[in-house]
Amino acid sequence: MYPLTSRFHGLLRTPVPSLRTAAIAALLAATGIAFAPTPASAQRIRLHVDDPGVATLAAEVARLAEAARGTVGVAAYHLETGRGFTLNGDERFPMASTYKVPIAVRILSMVDAGELALGDMVEIEQRDVYLTASTISDLIDDPGLHLSIHNLLEMMLQTSDNIATDVLMREAGGAAAVTAHMAGAGIEGIRVDRPTWALIANWLGAAEVSERNRIDPGPYRELLEAERTVADIAALNAAFNPDPRDTATPAAMAELLRRIWERELLSEESSALLIDIMYRCRTGEGRLKGVLPPGTQVAHKTGTIGQTTNDVGIIDLPGDAGHVVAVVYIKESEIEAYADREPVIAHIARAIHDYFVFNGG
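First, a word on what this report is: a plain description of the structure on this page.

The rules behind the values
- Residues numbered from 1 in each chain as written.
- Predicted model: local features only at pLDDT ≥ 70, side-chain atom pairs only at ≥ 80, totals over all residues.
- Heavy atoms only, no water.
- Phe/Tyr/Trp six-rings, centres within 6.5 Å; stacked < 30°, edge-to-face > 60°.
- Helix = DSSP H or I, 4+ residues; strand = E, 2+ residues; numbered from the N terminus.
- Buried < 20%, exposed > 50% of the residue type's maximum accessible area, 1.4 Å probe, protein only.
- Polar contact = N/O pair within 3.5 Å; in protein donor to acceptor, adjacent residues only side chain to side chain.
- Contact = heavy atoms within 4.5 Å.
- Pairing = 2+ DSSP bridges.
- Axes fitted to C-alpha atoms, helices over the stretch in contact; angles between N-to-C directions.
- Expected span 1.5 Å × (residues − 1).

1. Let's talk about the packing of aromatic side chains
Move 1: Taken as a whole, this structure holds four aromatic pairs when the rule is applied.
Move 2: Here the aromatic rings of Y130 and W197 are separated by 5.6 Å at their centres, their planes lie at 15°, and the arrangement is stacked. Of this pair, Y130 sits in the loop between β5 (121-123) and α4 (135-139) while W197 sits in helix α8 (residues 196-203), and the two are 67 residues apart along the sequence.
Move 3: Y130 gets classed as buried once you look at its relative accessible area, which sits at 2%.
Move 4: With centroids separated by 5.0 Å and ring planes inclined at 90°, the aromatic side chains of Y355 and F356 adopt a geometry described as edge-to-face.

In C-alpha cells form, the structure reads like this:
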C-alpha cells in the first residue's frame, strides 16, 4: 500500500531469558497474567497454554523483535493444537495492505449470499485510476476497462493492487460495511475506514480527504510528488502513527485467519479460493517466507506504509506437523527502509516455524 514513486518506497512500505524465566512465564500464563521478558523491551507476551516450550519461543520472538527498533506485534498459533502466544497481541497496529484480507472476506460472503458473483464485470472508472501500486494505473488506464470480481480479488491479494482494492471496497458497500462484517462475525479488533487513496492521502498530510470527500487523481498525484524534507516526513509519520483508523490487533487478525482456514466464515468453495489466492501472493518474499526452508508454502498478505511493515498468513509445516498462523506487525520503526525491516519478520517466522515443526503434536 505504498505510492509508486521512489521517494516513498522506503517509507511505505534483549538477552534470551533463562529457563527459570521461561518457567515463570508459563506459570503466569496459567493465571492469565501477561509476561514481559525484560523491563527495557516493553513487550507484552501472553501465552495461551501452560507450556514452558511455548514460553521460551515467545521470549525468543520478543528478543528478535528488538531489532525492528519500533513496536512489534505477533500472534502465532498452531492450528491443529491451538497452542500459541501473542506479543503485544491486543495493541492496535496500522494494517496497511493486510486490510485487504477482511475486504476479501466481505466480498466472498456476498458471493456466498448471492449478492455478487465472481463473474460479475465491474467498470473501472477514470476517477478510480490513481497513481498508486496498481497494474491498472501502470498499464491499462484507458477508458472502457471492465474486470470481474474474481479478477479484482486476484489482483488485490496477489500483487496488492490498490485500485482493485478500492473498487472492491466500493462493491462491498464501503469501508463501514467491511468493519461491520468483521464485528458481526465476532472479530472486534479489526476496523477498516478508508479506501487506499484516502489512507495514503491522509498519511501525506491531506487530513480532509475521506471516503466521502474524494481527492481527484490529478491533485492526488501532485500530493504524492510534492518535495518533502526528512523533517517533513518525520512529522507526517508522527501524525499518522497514532491514528486508530484502519488498524487491527495481532490477536484479531490471527483469529480472522484461523476462521478462514477452518471454513467458519465462508463456504467451502469461497474459503478454498481465498486461501489459494493467498498462497500465490507475489509480494513480501523477504518477510514471512524470507528464511523459511526452501519450498515452504505460505498463504499470506503483506502491508507497508510509513514506519509500518507487516505480513500475516498461514505457514505449512512439513510432514504431519500441521500449520501455524503467523501474524507479524511492525510500527513506528526507526529503520528508514522497509526492506531493512523485513529480516525481523523473516527471523520471527523462522523461529515460529522451527518450534512447531519439532513440537507440533
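2. So, the side chain of T98
Move 1: The residue T98 is located in the loop between β4 (93-94) and α3 (100-112) in this model.
Move 2: Here Y329 takes part through its side chain, which lies 3.1 Å from a polar atom of the side chain of T98.
Move 3: If sequence neighbours within four positions are ignored, T98 has contacts with M253, K301, T302, G303, N310, V312 and Y329.

3. Looking at the sheet that holds strand β10 (residues 323-331)
Move 1: Pairing within the open sheet is antiparallel, and its six strands lie in the order β1-β3-β2-β10-β9-β8. In this open sheet, the two edge strands, each paired with only one partner strand, are β1 (45-47) and β8 (298-305). Recorded for the sheet is a direction-independent mean angle of 10° between the axes of neighbouring strands.
Move 2: Examined bridge by bridge, strand β2 (residues 71-78) and strand β3 (residues 84-87) share four bridges and lie antiparallel to one another. Directly across from Y77, in β3, lies its bridge partner G84.
Move 3: Packing against the sheet, helix α2 (residues 52-65) makes contact with β1, β2 and β3, and its axis sits at approximately 30° to β3.

4. Some thoughts on the environment of Y99
Move 1: With respect to the element layout, Y99 can be found in the loop between β4 and α3.
Move 2: When the C-alpha positions of Y99 and D246 are compared, they lie 7.3 Å apart, and in sequence the two are 147 residues distant.

5. Section: the environment of N241
Move 1: Structurally, the position occupied by N241 is in the loop between α10 (230-240) and β7 (247-248).
Move 2: On a C-alpha basis, the gap between N241 and Q307 in space is 7.9 Å, while along the polypeptide they are 66 residues apart.
Move 3: In this structure, N241 is in contact with Q307 and E332, ignoring residues within four places of it in sequence.

6. Concerning helix α11 (residues 250-261)
Given 3.6 residues per helical turn, the α-helix brings residues three or four places apart onto the same face.
Move 1: In a regular helix each residue adds 1.5 Å, so twelve residues correspond to 16 Å; α11 covers 17 Å between its end C-alpha atoms and thus fits that length.
Move 2: Of all twelve residues that make up α11, nine are buried, and the element is covered over most of its length.
Move 3: For α11, every residue scored as buried is listed here: P250, A252, M253, A254, L256, L257, R259, I260 and W261.
Move 4: One or two residues past the end of α11 sits R263, with phi positive at roughly 60°.

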